[in-house]
Amino acid sequence: LQLDIVARQFLWRVGLDYGHGTGHLIGHFLNVHEGPAYIGYRNRQRGMIPLEKGMVCSNEPGYYETGKYGIRIENDLVVKKADTPNKFNDVDYLCFEHFTMVPLQTKLVKKEMLTQRELDWLNSYNQEVWEKVSPLLKDDEKALRWLKKECEKI
């Protein structure tokens, strides 16, 4: 639930929202929207559990203007133990590792609307995609050129 609030906060500040959950598990029973964990304030199932190390979940915030347009970026993430300098109350903190390695299409981004932090995140994500995927395309020049172009900083 707390992750859902973090994802929605920017839309809520201007009185907007999206009508779906922010994320769900993937691979428990090979269904599309699975428990036993769910990221959303509209808890659809009883018995939901917190995210745990090793779970794979979606991250899919979005916004839709009825009858006009919509935008939704859906990536999959692996929950892993965070490397933190402290361990308050002997608790392991969790973080996410990107599982989906597809560049975000920057030609659709209005750079002037992003904060520096958002721009840095986008460029960092696309750089990560380049670093992880380009070695797999070393024998495919056309695909490698496409990936390089799509991963360029904006």
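The model shown is predicted, which means the values in this text are computed figures rather than measured ones.

Draft legend 1. Just the packing of helix α2 (residues 116–133) against helix α3 (residues 141–150), in detail. For the pair α2 and α3, the least separation of the axes is 9 Å and the interaxial angle reads 160 degrees. Viewed along their axes, α2 and α3 adopt a mutual orientation that is roughly antiparallel. Along this stretch, α2 crosses α3, giving a crossing that reads as left-handed. Only Leu 144, Leu 147, Lys 148 and Glu 150 of α3 make contact with α2, whose side of the interface consists of Asn 126, Val 129, Trp 130 and Val 133.

Draft legend 2. Representation of the side chain of Asn 123 in the model. Tracing the backbone through its elements, the reader meets Asn 123 in helix α2. Asn 123 gets classed as buried once you look at its relative accessible area, which sits at 10%. Excluding anything up to four places from it in sequence, Asn 123 contacts Glu 152, Lys 153 and Ile 154.

Draft legend 3. Just the layout of surface pockets, in detail. Its boundaries defined by the atoms lining it, the largest pocket holds a volume of some 2,100 Å³. At the level of elements, α1 (2–12), β3 (56–59), β4 (62–65), β5 (69–72), β6 (75–81), β7 (94–98) and α2 are the ones that each hand at least two residues to the lining of the largest pocket. Considering each element in turn, the lining of the largest pocket owes the most residues, six residues, to α1. Broken down by class, the residue content of the lining of the largest pocket amounts to 23 nonpolar, nine polar and five charged.

Draft legend 4. Structural view of α1. Listing the buried residues of α1 in full gives Asp 4, Arg 8 and Leu 11. Summarising the axial view, the buried residues of α1 lie within an arc of 25 degrees, below the 170-degree limit, and thus occupy one face. The inward-facing, buried residues of α1 abut β2 (34–39) and β4.

Draft legend 5. Region of the structure containing the pairing of β4. In this sheet, β5 lies alongside β4 in antiparallel orientation, the contact comprising four bridges. Along β5, the bridge assignment pairs Glu 65 with Tyr 69. Here β4 folds back onto β5 in antiparallel fashion, the turn holding three residues, of which Gly 67 has a positive phi close to 75 degrees.

Draft legend 6. Up close: the pattern of salt bridges. Scanning the entire structure with this criterion turns up nine salt bridges. Glu 60 serves as the salt-bridge partner of Arg 72, at 2.3 Å between the closest nitrogen and oxygen. With Arg 72 in strand β5 and Glu 60 in the loop between β3 and β4, the pair connects residues that are 12 residues apart, well separated along the chain. What makes Arg 72 partly exposed here is its relative accessible area of 36%.

How each quantity is defined
- Residues numbered from 1 in each chain as written.
- Predicted model: local features only at pLDDT ≥ 70, side-chain atom pairs only at ≥ 80, totals over all residues.
- Heavy atoms only, no water.
- Axes fitted to C-alpha atoms, helices over the stretch in contact; angles between N-to-C directions.
- Helix = DSSP H or I, 4+ residues; strand = E, 2+ residues; numbered from the N terminus.
- Parallel < 35°, antiparallel > 145°, perpendicular 65-115°, else oblique.
- Left-handed = near helix turned anticlockwise from the far one by under 90°.
- Contact = heavy atoms within 4.5 Å.
- Buried < 20%, exposed > 50% of the residue type's maximum accessible area, 1.4 Å probe, protein only.
- 1 Å grid on protein atoms, 1.4 Å probe; cavity = no way out; pocket = protein on both sides within 12 Å on 5 of 7 lines; lining within 4 Å.
- Points joined across faces, edges and corners; volume = space filled by probe spheres on them.
- Nonpolar A, V, L, I, M, F, W, Y, C, P; charged D, E, K, R; others polar.
- Arc of directions from axis to C-beta.
- Pairing = 2+ DSSP bridges.
- Salt bridge = Lys/Arg side-chain N within 4 Å of Asp/Glu carboxyl O.

The values are spatial; any link to function lies outside them.
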